[in-house]
Amino acid sequence: MAEMPNREIAAALDELGDLYELDGAISHRVLAYRNGAKAVREATQSVGTLAREGRATELPGIGATLQEKIAALVVDGEIPARAKLKAKYPEGLLEITRLPGVGPKRVRLMYTELGIDSLASLKEAAEQERLRGVKGLGPKFEASVLASLEAGLGEAPKPRTLLSRALEEGEAIVAGLRAHPTARRVELAGSARRLADTVKDLDVIATADDPAALTAALAALPEIETAGTAGENAARGVTHSGLSIDLRVVEPDQFGNLLQHFSGSARHNIRLRENAVKRGLHVSEYGILDDATGETVRCATEEEVYATLGLPWIPPELREDRGELDPGFEVPELVSVDDLRGDLHCHTVASDGRNTIEEMAAEAIARGYEYLAITDHSATHGFGNHVDADTLKRQIERVRTVNEKLDGIEVLIGTETNILPDGAPDYDDELLAELDWCIASIHTAFQTPRAEMTKRMVAAIEHPWIDAIGHPTGRKLGRRPGYDVDLDEVIAAAARTGTMLEINGAPDRRDLDDVHARQAAQAGVKILLDSDAHGTDRLANVRWAVATARRAWLTPDDVANTRAWPEFAAMRKRARTS
DNA sequence: GCCGTTTTCGGCCCGACTGTTTTCAGTCG
C-alpha cells in the first residue's frame, strides 16, 4: 500500500498550527508545528512510514508529540486535535486572516465577541460600525477592514510571480537604478536573489551619494507603473505587471547587513540568529551586537557578515535552512550555466517546436554546446503535432544528415516519448534502439492513482532503451501540483537502473524540484539539466533548470550533461544495454 | 512543541509599524 505523501502530512501540520494559533497557543508552539511541517515537506523519505515505525523524531523539529500526531494521521486518517479544533472554529476564520492587519488574535476576538465567522459577516459588522465596540478595536481598524474588503483582499491569496518574470523585471530595474549617477551599489535581494520558484515581491538594496535622488528615481523607470517614496531612504512601487517592489537606500557601512537580512529566507535568518545568540552575538539588519564588547559591528559586505559569525559566505540559493548552517558545512561547488556541454531535450517543427533541426543546432553551437538531442513528441502525447514511427524513421536520416554537415557538435536523434498508462514507451524497441537518446515523460492520464502511477513510472525507468525521465512530476507552477507518484520509489528505481532524471528548464516547470533533485543526487542518480526548448530562443531556458539545481546543492559532477560528449555518451543507459 | 558547550526546564531572532493606548499588543517581514 502506498503511504500518505509527505506533502499531505505537512499540510495537516500546517493546518493544525493555524488552528492552534486561532486557539491562542503561544507563538513558539505554533512555530513548532510550522517547523515540523517544513521538515516533513522536505524530508527525503516517507514520513508516514517513519511515523509508523516510531522514527519520525529522527527529523529535525519533530518530537514525541508530532511523531504521535503524524502516526495518528497515517494510521487512523485523522489527528484528534485537528478534528476537535476544526469543530470549534468555522472554516471561514482562516480566510479572514488574509486581510492585512488582521491576524489570528483579532479574528478570534471578533468571533468570540461578535460571532464573525466569514468575510461576509465581517463586512456587515464593519458597515454597521460594530467592530469599534470591541475592546482593542477602533474606528481606524474598522475603516482599514472595509478598505481591504473593498479591494477584494481576502478573496484569494495574492498570486506569486514566476522567477523568470520576476527576474526579467527585477534585473531591468536594478540596471536602471545602477545607471543613475548617484547610485553606488544596487543589488536585488529577497527570494528572487535566492532563485526561488516564485516570488511575492521584489526587494532592492542600494547605496547612493544622494539617497533621496535614488529613491525618487525609481518612479521614473520604464518598468514602473506607480511608485512613491516611503520615508527618508526608501521607495515602494508596482511594475506594469503588478509586481510590488521595495527599494531601500542604506549607509555603505551597513550594506552587507541589509543585503543579508533582506535576502532571507526568514528561516535561514532565524537559524542564523539563534546560532549567533549562542556565541553572544545578536544579528539584525543594522549590524551585529557583540555581548562581550557591547559594540555593534557594521558590515559593508555580506562576506563580512558571515565571517563575523564564523561562517563562510553562503550562496543565496542555499539559504533555506536546509543544512547550510549546520556545524561542519562546506560550501559546495555549485553547477552553473557555463558548466553545461549539451542539451538533451528540445523540439522542432517535426512536433510542436517553431524551428528546424538546423536552426536548433546552430543555436546550440552558438551557446558553445558539444551535443544537442532532438527530442520531438511521440504519437500519444495528446496535442497533435507528433512524430509517428514512420516519420521518426525519416527524422533519423534527416538528423544524421545535419549532423554530418556540422563540425563541433553532435546532433543526436532522440525522442521525448510519452509514457503509456502501462509504463511502455510509444515506439517499439527496435526503433528506440536505432536512436541516440530517449527521454520519456508522462503527458496523459494524470489522474492515475498513486500506486498505479508509481508502477507506471518504475516500469518506464526499467525499460532498457529509456535513458532519462523528463519533467518527472508534471507540475506546473501556479497551475497544478504534480501527479500523485511515490518519488522515493522513482528515485530508487532510477538509481538502480542508471536512468537519469531531468530538471526541466521551462520556467513554470522546474521539475524535479530542488528538494527531490537533491534527494535523487544523494541517491546516486545523475541529473540532467534541459531546456525543453520549443524554439531557438528557448534554449536559454536551461537557466531555470540550473537555478533549481543550485538550490538542490548540485555540483557539476552531479549533473550528467556537464560532461564532454564521449563521457556522456558512455553514461547513457543504452550504452550499457547494447 | 522542541531542545540541550546555560541538557529534562526555561528558554525560544529582531525590529518596524499601526492603532489603541497611558505603556503596549498585534501584525508583518
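Residues numbered from 1 in each chain as written. Chains lettered and ligands numbered in written order. Predicted model: local features only at pLDDT ≥ 70, side-chain atom pairs only at ≥ 80, totals over all residues. Heavy atoms only, no water.

1. A look at the overall build of chain A
Tallying secondary structure elements over chain A gives 24 helices and 17 strands in all. With the C-alpha coordinates aligned to their principal axes, the bounding extent of chain A is approximately 80 × 65 × 50 Å. Within chain A, buried positions represent 53% of all 578 residues. Considering only contacts within chain A whose residues lie at least 6 apart along the sequence, 68% involve residues at least 24 apart. Of the roughly 25000 Å² of accessible surface on chain A, 50% is carried by carbon and sulfur atoms. Both charge centroids of chain A, one from 69 positive and one from 94 negative side chains, sit 4 Å from each other. (Helix = DSSP H or I, 4+ residues; strand = E, 2+ residues; numbered from the N terminus. Buried < 20%, exposed > 50% of the residue type's maximum accessible area, 1.4 Å probe, protein only. Contact = heavy atoms within 4.5 Å. Areas by Shrake-Rupley, 256 points an atom, 1.4 Å probe, with all protein chains shown as cover. Lys, Arg positive; Asp, Glu negative; His and termini not counted. Charge placed at Lys NZ, Arg CZ, Asp CG, Glu CD.)

2. Description of the protein's contact with DNA strand B
The immediate surroundings of DNA strand B are formed by 37 residues, with Gly63, Gly103, Arg273, Glu274 and His282 found nearest. Sugar plus phosphate, as a fraction of atoms of DNA strand B within 4 Å of the protein: 77%. Within the contact set of DNA strand B, a phosphate oxygen lies 3.1 Å away from a backbone nitrogen or oxygen of Phe141. For DNA strand B, a phosphate oxygen lies 2.6 Å from a polar atom in the side chain of His282. Going through the elements one at a time, helix H2 (27–41), helix H4 (64–76), helix H7 (104–114), helix H9 (139–150), helix H14 (266–278) and strand S8 (281–284) are the ones with two or more residues in the surface near DNA strand B. Of the residues contributing to the surface near DNA strand B, the split by class is 18 nonpolar, 10 polar and 9 charged. (Near = heavy atom within 4 Å. Polar contact = N/O pair within 3.5 Å; in protein donor to acceptor, adjacent residues only side chain to side chain. Nonpolar A, V, L, I, M, F, W, Y, C, P; charged D, E, K, R; others polar.)

3. Re the nonpolar core
In this structure, Ile469, Leu501, Ile503, Leu529 and Leu554 are the most contacted members of the largest nonpolar core, which totals 59 residues. Contacts of Ile503, omitting those with residues within four sequence positions, involve Arg510, Asp511, Leu512, Ala517, Ile527, Leu528, Leu529, Asp530, Ala545, Thr548, Ala549 and Leu554. Counting 46 residues, the second-largest nonpolar core is a separate cluster that includes Tyr33, Leu93, Leu122 and Leu131. (Core = buried A, V, L, I, M, F, W, Y, C linked by side-chain atoms within 4.5 Å.)

4. Topic: the layout of surface pockets
Taken as a whole, the second largest pocket spans an internal volume of roughly 710 Å³. Considering the residues around the second largest pocket, the lining is formed by 28 residues, among which Lys38, Ala39, Glu42, Pro60 and Asp321 are closest to the centre. When residues of the lining of the second largest pocket are traced back to their parent elements, those giving at least two are H2, H14 and helix H21 (514–522). Split by residue class, the lining of the second largest pocket holds 9 nonpolar, 7 polar and 12 charged. (1 Å grid on protein atoms, 1.4 Å probe; cavity = no way out; pocket = protein on both sides within 12 Å on 5 of 7 lines; lining within 4 Å. Points joined across faces, edges and corners; volume = space filled by probe spheres on them.)

5. Overview of H9
Here H9 contains 12 residues, and its C-alpha end-to-end distance of 16 Å stays within 8% of the 16 Å for a straight helix at 1.5 Å per residue. Along H9, the positions that sit buried rather than exposed are Phe141, Glu142, Val145, Ser148 and Leu149. Seen end-on, H9 carries its buried residues on one side only, within an arc spanning 130 degrees. Structural note: H9 exposes Lys140 and Glu150 on the side pointing more than 90 degrees away from its buried face. Elements in contact with the buried residues of H9: H7 and helix H8 (119–127). Once H9 ends, the next one or two residues include Gly152, with phi positive near 80 degrees. (Expected span 1.5 Å × (residues − 1). Arc of directions from axis to C-beta.)

6. Quick word on the pattern of salt bridges
This model, assessed by the stated rule, comprises 46 salt bridges. Between Arg178 and Glu187 there is a salt bridge whose closest N-O contact spans 3.4 Å. Of the residues examined, Arg178 reaches a relative accessible area of 45% and is grouped as partly exposed. Across the salt bridge formed by Arg194 and Glu320, the nearest N and O atoms sit 2.8 Å from each other. Of this pair, Arg194 sits in the loop between helix H11 (190–193) and strand S3 (198–199) while Glu320 sits in the loop between helix H15 (302–308) and strand S11 (342–343), and the two are 126 residues apart along the sequence. (Salt bridge = Lys/Arg side-chain N within 4 Å of Asp/Glu carboxyl O.)

7. Quick notes on empty space enclosed by the protein
Enumeration according to the criterion identifies 1 cavity of 30 Å³ or more in this entry. Size it by volume and the largest cavity reaches roughly 40 Å³. Of all the elements, strand S13 (residues 410–418) adds the most residues to the lining of the largest cavity, at 3 residues. Looking at the lining of the largest cavity, its residues break down into 4 nonpolar, 3 polar and 1 charged.

8. A word on the domain arrangement of chain A
As far as domains go, chain A holds domain 1 (6–150), domain 2 (161–249), domain 3 (255–318) and domain 4 (337–577). If you average the C-alpha positions of domain 2 and of domain 3, the two centres end up 23 Å apart. Its largest share of buried area at the contact with domain 3, domain 2 owes to Arg193, Arg194 and Ile205, together 57% of the area lost on that side. At the junction of domain 2 with domain 3, the criterion picks out 1 salt bridge. Measuring nitrogen to oxygen at the nearest pair gives 2.7 Å for the salt bridge that ties Glu302 to Arg193. (Domains from an automatic or database assignment. Buried area = accessible area lost by both parts, 1.4 Å probe.)

9. Some thoughts on unusual backbone geometry
Here the residue pair Gly264 and Ser265 is connected by a cis peptide bond, since its omega of -5 degrees sits within 30 degrees of zero. When you line up the elements, Ser265 lands in the loop between helix H13 (255–263) and H14. Residue Leu512 follows Asp511 across a cis peptide bond; omega there is 5 degrees. For Glu129, which is not a glycine, the phi torsion comes out positive at approximately 55 degrees.

10. Things to note about the sheet that holds strand S2 (residues 183–188)
Strand pairing in a sheet relies on backbone hydrogen bonds. The paired strands run either parallel or antiparallel. The 5 strands are arranged S2-S4-S7-S6-S5 in an open sheet whose pairing can be described as mixed. In the strand order of this sheet, the two ends are held by S2 and strand S5 (224–229), each with one partner. Geometrically, the sheet is characterised by an average inter-axis angle of 20 degrees between neighbouring strands, direction not taken into account. Both S5 and strand S6 (residues 234–239) contribute to a ladder of 5 bridges, which runs antiparallel. Of the residues in S6, the one forming a bridge with Ala227 is Gly237. Contacts between helix H10 (residues 163–178) and the sheet are confined to S2, strand S4 (202–208), S5, S6 and strand S7 (244–249), with S2 contributing the most and set at about 170 degrees to the helix. Its contacts with the sheet put H13 on S2, S4 and S7, and the angle it makes with S4 is roughly 175 degrees. (Pairing = 2+ DSSP bridges. Axes fitted to C-alpha atoms, helices over the stretch in contact; angles between N-to-C directions.)

11. So, the sheet that holds strand S17 (residues 527–530)
Taken in spatial order, the 7 strands make up an open sheet running S11-S12-S13-S14-S15-S16-S17, and their pairing is parallel. At either end of the open sheet lies a strand with only one pairing partner, and these are S11 and S17. Relative to S13, strand S12 (residues 371–377) is paired through 7 bridges, and the arrangement is parallel. Each residue of the ladder has a partner; that of Leu372, found in S13, is Val411. Here helix H16 (residues 357–366) sits on the sheet in contact with S12 and S13, set at roughly 145 degrees to S12.

12. What to know about the side chain of Ser46
Mapped onto the secondary structure, Ser46 falls in the loop between H2 and helix H3 (47–52). When residues no more than four places from it in sequence are discounted, the contact partners of Ser46 are Glu3, Asn6 and Asp488.

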